[in-house]
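The residues making up each chain are set out below.
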Amino acid sequence: MAEAKPFAIPKQLVWEAYQQVKANRGAAGVDGESLEAFDAKAEDNLYKLWNRMSSGSYFPPPVRLVEIPKKNGGKRPLGIPTVTDRIAQTVVKRVLEPQVEPVFHPDSYAYRPNRSALDAVGVARKRCWKLDWVIDMDVRAFFDSLDHDLVMRAVRHHTSEPWVVLYIERWLKAPAEAADGKRIERTAGTPQGGVVSPLLANLFMHYAFDHWMRREHPGVPFERYADDVLVHCMTKEQAQGVLDAIRSRLKACGLELHSEKTRLVYCKDDDRPEEHRNIAFDFLGFTFRPRLAKNRWGKFFVSFLPAISSKAAKAIREKIRSWKIPGTRNNQSLEDIARLVDPAIRGWMNYYGQFYPSWTKRALRYFNVVLNAWVRRKYKDRYRNRQRAADHWLGEIAKREPNLFALWQLGVRPAAGQ
């Protein structure tokens with residue numbers, strides 16, 4: 001008779017977690033095992049994982065530490081778990097998430113089913129029209145600063161599964177391994193890159209901020225996307241008072257607001273005549289600031305609106321340059337280039353184009369500039385130093401085939417094809 005396992009973890013749950021990890025792809029962890037290598041022995045590997053998790057003998061390996069550049073400079077550390085560990089974390093997430101999701105605040109938008117960054121931006125836009133002041137919050141080193149004791153207190157409050165508590169505690173304590181093999185012990189934080197980390201971060205901020213705001217400042221609305229937070233207030237005095245209270249609250253929870261990046265912003269428009277040095281802020285890739293708008297009668301006025309930020313526009317241009325269209329794709333056709341770029345173009349427009357789309361189209365127009373350079377290099381005998389002639393050639397194609405590029409379908413075409 002087989003010995004009963006101390007933890008009742010269904011094999012089907014491990015299988016479903018594996019399918020989810022497989023669909024999400026991802027890089028190898030410290031063991032160097034790829035998804036393809038794991039897949040070659042999937043049945044044996046999944047049985048071993050189930051057996052170890054069910055018996056309580058699963059100990060997560062270190063996460064592989066990689067550093068990626070941040071948009072505003074500096075490096076962001078990511079912890080990449082092994083394939084096996086990603087599956088194990090997904091098993092736990094699939095059990096814990098349905099238990100905590102119903103209690104989360106409606107204005108928490110990150111890493112949640114049926115909620116998105118665009119939802120947060122849309123709600124923020126409406127609230128900026130109604131309330132004059134915004135607290136633009138920046139939490140310093142959020143994922144690296146989470147207090148393990150407070151995280152575990154919240155986890156224990158929401159689940160009665162001892163194995164969920166056990167493995168989350170082990171993941172929090174698992175070290176990181178740098179490229180040189182050095183082990184870095186962790187006494188706080190949860191690694192960005194982990195499957196369960198976003199859920200734990202949301203659970204932490206639910207009690208550190210969301211639930212506290214609902215209790216202490218019930219009439220003050222906010223939008224939170226992970227550690228990106230906007231808080232709306234009627235007056236500058238109210239905003240300063242709420243900010244001071246938030247700063248004290250987060251400090252008590254082991255978090256710190258960035259003093260230079262946390263600001264009070266005045267949502268200036270035609271109906272708000274006061275002057276203030278801060279009349280703009282960035283949120284989730286959009287810059288909110290006074291912009292020209294048109295009312296239902298066709299009259300122009302100044303409203304407080306979001307549009308693609310300069311940082312996001314710069315990132316788009318950098319991505320377009322990274323395709324090296326004029327330099328390495330001269331043997332390809334326009335159709336080949338369209339297949340390469342159209343998914344990204346559509347993705348940018350679907351996101352940034354939701355608010356003040358003319359600014360997004362202006363940023364994407366850079367692709368036509370790059371395409372012009374491709375024409376002049378591919379057909380250098382005719383167009384090498386003739387930018388306007390190359391533009392005319394592309395414009396004629398755009399007239400004949402306006403659907404060739406996703407960008408052209410949006411009406412953003414070379415000058416001669418407008």
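Residues numbered from 1 in each chain as written. Predicted model: local features only at pLDDT ≥ 70, side-chain atom pairs only at ≥ 80, totals over all residues. Heavy atoms only, no water.

Caption draft 1: Summary view of helix α15 (residues 366–378). Its 13 residues give α15 an end-to-end C-alpha distance of 19 Å, which sits within 8% of 18 Å, the value for a rise of 1.5 Å per residue. Taken together, the buried positions of α15 are occupied by F367, N368, V370, L371, N372, W374 and V375. (Helix = DSSP H or I, 4+ residues; strand = E, 2+ residues; numbered from the N terminus. Expected span 1.5 Å × (residues − 1). Buried < 20%, exposed > 50% of the residue type's maximum accessible area, 1.4 Å probe, protein only.)

Caption draft 2: The arrangement of the environment of A338 in detail. Here A338 shows up in helix α13 (residues 334–352). Between the C-alpha atoms of A338 and A406, which are 68 residues apart in sequence, the distance is 7.7 Å. Ignoring sequence-local partners within four residues, the contact set of A338 consists of P343, L404 and F405. (Contact = heavy atoms within 4.5 Å.)

Caption draft 3: Here's a closer look at the pattern of salt bridges. Enumeration according to the criterion identifies 19 salt bridges in this entry. Between D39 and K22 there is a salt bridge; the shortest N-O distance is 3.4 Å. Of the two residues, D39 sits in helix α2 (residues 35–40) while K22 sits in helix α1 (residues 11–24), which places them 17 residues apart along the sequence. Of the residues examined, D39 reaches a relative accessible area of 34% and is grouped as partly exposed. Here the salt bridges share partners, and the residues they tie into one network are D107, R127 and E223. (Salt bridge = Lys/Arg side-chain N within 4 Å of Asp/Glu carboxyl O.)

Caption draft 4: Layout of a positive patch on the surface. A surface patch of like charges, here positive, comprises K70, R76, K261 and K311. As for its position among the elements, K261 is in the loop between α10 (236–252) and β8 (263–266). (Patch = residues over 30% accessible without salt bridge, like charges linked within 9 Å, V, L, I, M, F, W, Y side chains within 5 Å. Areas by Shrake-Rupley, 256 points an atom, 1.4 Å probe, with all protein chains shown as cover. Lys, Arg positive; Asp, Glu negative; His and termini not counted. Charge placed at Lys NZ, Arg CZ, Asp CG, Glu CD.)

Caption draft 5: Inspection of the sheet that holds strand β11 (residues 300–308) at higher detail. Pairing in this open sheet of 3 strands is antiparallel, and the strands run β9-β10-β11 from one edge to the other. With one partner strand each, in any of the chains shown, β9 (281–283) and β11 form the two edges of the open sheet. In this sheet, neighbouring strand axes are inclined to one another by 50 degrees on average, regardless of whether the strands run parallel or antiparallel. Strand direction decides the pairing type here: β9 and strand β10 (residues 286–294), joined by 3 bridges, are antiparallel. Considered in β10, the bridge of D282 is made with T287. Sitting on the sheet, helix α5 (residues 117–130) touches β9, β10 and β11, and the angle it makes with β11 is about 155 degrees. Sheet contacts for helix α14 (residues 357–364): β10 and β11; angle to β11, the most-contacted strand, approximately 50 degrees. (Pairing = 2+ DSSP bridges. Axes fitted to C-alpha atoms, helices over the stretch in contact; angles between N-to-C directions.)

Caption draft 6: A look at the side chain of T262. Tracing the backbone through its elements, the reader meets T262 in the loop between α10 and β8. A distance of 3.1 Å separates the side chain of T262 from the backbone nitrogen of D138, its partner in a polar contact. Here H258 takes part through its backbone oxygen, which lies 2.9 Å from a polar atom of the side chain of T262. (Polar contact = N/O pair within 3.5 Å; in protein donor to acceptor, adjacent residues only side chain to side chain.)

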